[in-house]
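The chain contents come next:
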2 protein chains.
Amino acid sequence: MTLTILDTTLRDGALTEDITLTVEDKLRLAPLIDSLGVHYLEGGWPQVEGRDLNFFEQVGDLGLKARITAFGATRRPETVVKRDRGMQLLLETAAPVIHLYGKVWTLHVEKVLGTTRDENLAMLRDSVGLMKEAGREVIYTAEHYFDGFREDREYALANLKAAVESGADIISLGDSNGASLPELIQEGMRAARDTVGSAVLGLHLHDDLGLALANTLAGLGAGAAHVQGTVNGYGARTGITDLCILLPILKLKMGVDVVSDEQLARLSDVARRVAEIVGLGEQMDHHPVVGRKVFAHKTQTHVAAVLSAPQAYEAIEPERVGNTRRLLLPGLTRPTYLQEIARQYGVDLSSDSAANAHILSVLKGLEDQGYTYEDASASLELRLAALTGHATLQLGVERLRLFEVIRGLNQTVVESSLKVRVDGETLYVGAEGREPLEALYLVLIEALRGSPGLREKADGLRLGRARIRNLAPGKVRVTVSFTGTGREWTTVGIDQDVIRAMWTALLDGVEYGISDLRVQTGQDSTDQIRD
Amino acid sequence: MTLTILDTTLRDGALTEDITLTVEDKLRLAPLIDSLGVHYLEGGWPQVEGRDLNFFEQVGDLGLKARITAFGATRRPETVVKRDRGMQLLLETAAPVIHLYGKVWTLHVEKVLGTTRDENLAMLRDSVGLMKEAGREVIYTAEHYFDGFREDREYALANLKAAVESGADIISLGDSNGASLPELIQEGMRAARDTVGSAVLGLHLHDDLGLALANTLAGLGAGAAHVQGTVNGYGARTGITDLCILLPILKLKMGVDVVSDEQLARLSDVARRVAEIVGLGEQMDHHPVVGRKVFAHKTQTHVAAVLSAPQAYEAIEPERVGNTRRLLLPGLTRPTYLQEIARQYGVDLSSDSAANAHILSVLKGLEDQGYTYEDASASLELRLAALTGHATLQLGVERLRLFEVIRGLNQTVVESSLKVRVDGETLYVGAEGREPLEALYLVLIEALRGSPGLREKADGLRLGRARIRNLAPGKVRVTVSFTGTGREWTTVGIDQDVIRAMWTALLDGVEYGISDLRVQTGQDSTDQIRD
């Protein structure tokens, strides 16, 4: 089976309620997604998000392997296709692949578009025809195909026929409400196959009833050779087919060689980085296959069984997808990213030496406190650099004070003061912020500015986004992002006291900012700003 | 089709890494789950969690409709069944239904149990036989049935045959690693059907590959008449079949009358309350069917389409599962729980009056700030009570100061002081805590203790668990739980400043604690302590 995968994390994924992607976000995400070996990378919908044009302009510089794809609707009713604004915007992108969607369900044609069935077919023919004339590869998605098929089979199939005849390269069938059961998917696929002859059929399946994956397998069983999905299943409402689950099932359970072993082994890392960039990192604990906690074994029975035969309680080998087994009773786990970063400092953590034993015991202590670093590798780098003698602390904090006064709803004052040694001198500095994080950050900047050697670096630092969430036993995890000196980095602090957790992350972040640390692996490239 | 559902949120659900349930938690969860109309409610595994015996002792007082079920393994190898500790503990429970699991996969029999195939079958026969003799209904789960079936079909089927012959009432087939695809489920089910004659077959399917639901549908298609699942799909590793998705699919898409319309309409509320009680509320935003944000429509295209024809982008009607449509451009939504609580104060929020318009505009303003109350109804009650003249604020806060000093890793001082009017008198009080939340709480208690009329109530209050997480636009949501005066309640605060968010929740919580508010509906009964 030759199967192609289209990733639409940057387009359908961005329709998830809590996801809002800037062009910069998309440019950070694209190489991560590309590294998984997907065949098409859908970057945006220029008619709905004008800024997507900038993405299409800039993405060429990244040298990605996937074919860049732009998304849009067929032309509007009663317009000349060449003068249609949506068509013009699609042609403005240099994208070699155009993904068009058209209406199939008569409910949509008549109620939503307010046009006739014939005009809807003409819109489809004109739009696909124009893009083919322009030399683009065309993927056509028949939106709501399965709902339409249920209500008016003849019209749904006429729609597919029009797409084939106009020259569409791939015809993808949409379950756009995620309302179909696997039986309907198979029936609809078989009827489509009879209609379109040898054309390639694909799937665009939503997950409103948690069935996107079930339906994808049903559709593949009935002859689909193209699947559209997203990292972690993001997409409108509850999302669409989750590539982080589908790819391992295809490769490891069905023997479909859709991605390489190396690409598959990146999956967990990519899934978690993408989650942090889009701001949904907290959902990654129990996510199937790629979640942080899903190869975890909790009861004595399970732990004992897994120690004697891992397959006793594991659906796949965690290493195959870059995940890690965790036995919740004993033992230190050494995730790939930890070993990778250690290697930057010339430390092979898999070898048995006294120095390694010390490093691992320090890291184990931090792990026991809840520290993980997927989204905050700067903190891990600082620890490893210090443990291997590559960096020394530049700030000697003696005392921090935070002072907040709340008077009624809108009168709050937050002040901070810090006694600190910088460059051998003891300074006493103060600052004020709109809330504690800002007050704590600004007092650190004030301290740096007190040292002539650090003032310029301090002025170049910028505080980015802070994220906060509970860890299991009443602790709080705070991550803080920073930019400056051509880099972008994130640090982490964990504590029962939210202020101390913030302070830990901020101290790390500022220390990192004034250091020369800059890990240069491919794995970490997304932690760096593109110029 | 007569189908029975077993809920094992309290047993398999408690194997989720971040879930730890006390007996009190289980007694709060049981009536919620029971209200969904499940047929069996599995309460625990006494041999692994000794305290589960207390749950089985106390659950009888709740008058639940579901048949209470206790879980355990078949007897150990080479023991006399009546002297087996696990068997004795199961018999100690008054549970009318015993759910036994036995090994089927020869890998487990030989490597994990370290016994022979014949002895394993004898363990099964003895254990089922003993429970039947004791007059219990017996559900037998053939653990790893599908893995076993793949490797040694003959032995797997011999296992099922032994269970039938020993008198098991229901024989459930386990995909205990969640490693099987739907085709294998169907093949395994059909072979089982040929072996067990007219016995009832069931399914216990894990979700490690995100396929629990797909496999459940495949198994039902091949003749299963019993399904085991949990609220929100909790369970070991990535969980098991999610009843919050399965029940609506059965009822609304497949026409199986497994629960009533009223029970189904409770689903979203129950799902979110359970999530908050087990501590995973932050996962409920994008959960299919019952999530807070899954009937949300984001683009102009989608919103316009849904306004003209909701089924254009909705897999089911949200009202059927007690969920709410949200158009992210205009409009106020009025969730069921809000209308319910308003009714306690004699306010029918669906009627058009000037008073209602005022109430709704205040609530809309809070909603715009991010306020939701599923897990914090005490805050909503306070707002509604104030808006309808049923309660007045007892504390007039003039000024709060929080002061924190951090000296090195383990020397932190957190102090608070408060200028406040209580009972017409202005007081100035101070307190000290291990971290800010405690310091802020204690200073409020000090203020109450300054008033002779409130001292006793203040001494009865206890601070419970605090939860913290980000909301989308850089805000923090803090909920705090309290107990006292025979009640248990939770309040919420939202702010860009984490300290102010805590303070808002604490003020509400203490105000509620000294008030006489106590909503008495069934819906809110889980917010109250059982004596």
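Treat the numbers as computed from the prediction; the structure is a model and nothing was measured.

Here we look at the overall build of chain A
No. 1: Helix and strand counts for chain A stand at 19 helices and 16 strands.
No. 2: In terms of overall size, chain A behaves like a compact globule, its C-alpha atoms giving a radius of gyration of 26 Å where 531 residues would be expected to give roughly 24 Å.
No. 3: Along the first, second and third principal axes, the C-alpha atoms of chain A reach 80 × 60 × 45 Å.
No. 4: Of the contacts formed within chain A by residues at least 6 apart in sequence, a portion of 66% connects residues at least 24 apart.
No. 5: Put simply, chain A shows about 19400 Å² of open surface, and 48% of that area lies on carbon and sulfur atoms.
No. 6: Computed over 57 positive and 73 negative side-chain charges, the separation of the two mean positions in chain A equals 2 Å.

Structural notes on the interface of chain A and chain B
No. 1: On the chain B side, the residues contacting the 94 residues of chain A number 94 residues.
No. 2: Between chain A and chain B, a total of about 7500 Å² is buried, with carbon and sulfur atoms accounting for 59% of that surface.
No. 3: At the boundary of chain A and chain B, one finds zero salt bridges.
No. 4: At the surface where chain A touches chain B, the tally comes to twelve residue pairs in polar contact (both at pLDDT 80 or more).
No. 5: In terms of residue count, strand β11 (residues 395-407) of chain A provides more of the side of chain A that touches chain B than any other element does, ten residues in total.

Looking at the relation of the copies chain A and chain B
No. 1: With an RMSD of 0.1 Å, the operation that places chain A on chain B is a rotation of 180° combined with a shift of 0.1 Å along the axis. The operation mapping one copy onto its partner corresponds to a two-fold rotation axis.

Examining the environment of A:Glu435
No. 1: Relative to the helices and strands, A:Glu435 resides in the loop between β13 (425-433) and α17 (436-449).
No. 2: Residue A:Glu435 is classed as buried on the basis of its relative accessible area of 17%.
No. 3: Taking the C-alpha atoms as reference points, A:Glu435 and A:Leu89, separated by 346 residues in sequence, lie 43 Å from one another.
No. 4: Apart from the residues within four sequence positions on either side, A:Glu435 is in contact with A:Val414, B:Gln496 and B:Asp497.

Here's the deal with the nonpolar core
No. 1: In terms of nonpolar packing, the biggest core is built from 200 residues, with A:Tyr145, A:Ile171, B:Tyr145 and B:Ile171 touching the most fellow members.
No. 2: What B:Tyr145 contacts, discounting residues up to four positions off in sequence, is B:Val104, B:Ala156, B:Leu157, B:Leu160, B:Leu173, B:Gly174, B:Gly188, B:Ala191 and B:Ala192.
No. 3: Of all hydrophobic cores here, the second largest spans 122 residues; its members include A:Val422, A:Ala439, A:Leu461 and B:Leu366.

Quick notes on the pairing of strand β7 (residues 200-205) of chain A
The two faces of the sheet receive side chains in turn, since in a regular strand these alternate between them.
Residue and element names in this part refer to chain A.
No. 1: Summarising burial for β7: five of the six residues are buried, a large majority.
No. 2: For strand β6 (residues 170-175) and β7, the ladder comprises six bridges, and the chain directions are parallel. Counterpart to Asp175 in the pairing with β7 is Leu205.
No. 3: In this view, the connection linking β6 to its parallel neighbour β7 by way of helix α8 (residues 182-196) has right-handed handedness.
No. 4: Relative to strand β8 (residues 226-229), β7 runs parallel, the two being bridged by three bridges. The residue bridging Leu203 from the neighbouring strand is Val227, located in β8.

Some points on the sheet that holds β13(A)
No. 1: With respect to topology, six strands assemble into an open sheet ordered β13(A)-β12(A)-β11(A)-β11(B)-β12(B)-β13(B), the strand pairing being antiparallel. Since the sheet does not close on itself, it has two edges, and those belong to β13 of chain A together with β13 (425-433) of chain B, each with one partner. Put simply, the sheet's adjacent strands are angled 10° from each other on average, direction ignored.
No. 2: Here β11(A) runs beside strand β12 (residues 411-422) of chain A; their pairing, made up of twelve bridges, is antiparallel. Residue pairing in the sheet places A:Arg407 in a bridge with A:Gln411 of β12(A).
No. 3: Sheet contacts for helix α19 (residues 498-514) of chain A: β11 and β12 of chain A together with β11 (395-407) and β12 (411-422) of chain B; angle to β11(A), the most-contacted strand, approximately 135°.

Digging into the environment of B:Gln88
Residues and elements named next belong to chain B.
No. 1: In this structure, Gln88 sits in helix α3 (residues 85-92).
No. 2: Judged by relative accessible area, which is 32%, Gln88 ranks as partly exposed.
No. 3: Along the sequence, Gln88 and Gly148 sit 60 residues apart, while their C-alpha atoms lie 29 Å from each other.
No. 4: If we ignore the near neighbours within four places in the chain, the residues touching Gln88 are Lys82 and Arg83.

Comments concerning the packing of aromatic side chains
No. 1: All chains considered together, the criterion is met by 19 aromatic pairs over all chains.
No. 2: Summarising the aromatic geometry, the rings of B:Trp45 and B:Tyr101 are spaced 5.8 Å apart at their centres and angled 85° between planes, so their arrangement reads as edge-to-face. With B:Trp45 in the loop between β2 (40-44) and α2 (52-59) and B:Tyr101 in strand β4 (residues 97-103), this pair connects stretches of sequence that are 56 residues apart.
No. 3: Looking at B:Trp45, the relative accessible area reads 9%, which means it is buried.
No. 4: A centroid spacing of 5.8 Å and a plane angle of 10° characterise the contact between B:Phe482 and B:Trp489, whose relative ring orientation is stacked. Taken individually, B:Phe482 and B:Trp489 each receive the classification buried, so the pair is uniform in this respect.
No. 5: By the ring-pair criterion, three or more aromatic residues cluster together here, those being A:Tyr441, A:Phe482, A:Trp489 and A:Tyr512.
No. 6: In this structure, A:Arg487 is placed above the aromatic ring of A:Trp489, and the distance from its NZ or CZ to the ring centre is 5.1 Å.
No. 7: Sitting over the face of the ring of B:Tyr155, B:Arg117 holds its NZ or CZ atom 5.6 Å from the ring centroid.

Rules and cut-offs
- Residues numbered from 1 in each chain as written.
- Chains lettered and ligands numbered in written order.
- Predicted model: local features only at pLDDT ≥ 70, side-chain atom pairs only at ≥ 80, totals over all residues.
- Heavy atoms only, no water.
- Helix = DSSP H or I, 4+ residues; strand = E, 2+ residues; numbered from the N terminus.
- Rg over C-alpha atoms; globule rule 2.2 N^0.38 Å.
- Contact = heavy atoms within 4.5 Å.
- Areas by Shrake-Rupley, 256 points an atom, 1.4 Å probe, with all protein chains shown as cover.
- Lys, Arg positive; Asp, Glu negative; His and termini not counted.
- Charge placed at Lys NZ, Arg CZ, Asp CG, Glu CD.
- Buried area = accessible area lost by both parts, 1.4 Å probe.
- Salt bridge = Lys/Arg side-chain N within 4 Å of Asp/Glu carboxyl O.
- Polar contact = N/O pair within 3.5 Å; in protein donor to acceptor, adjacent residues only side chain to side chain.
- Least-squares fit on C-alpha atoms with pLDDT ≥ 70 in both.
- Buried < 20%, exposed > 50% of the residue type's maximum accessible area, 1.4 Å probe, protein only.
- Core = buried A, V, L, I, M, F, W, Y, C linked by side-chain atoms within 4.5 Å.
- Pairing = 2+ DSSP bridges.
- Right-handed = clockwise from strand over helix to strand, strands pointing away.
- Axes fitted to C-alpha atoms, helices over the stretch in contact; angles between N-to-C directions.
- Phe/Tyr/Trp six-rings, centres within 6.5 Å; stacked < 30°, edge-to-face > 60°.
- Lys NZ or Arg CZ within 6 Å of the ring centre and 35° of its normal.

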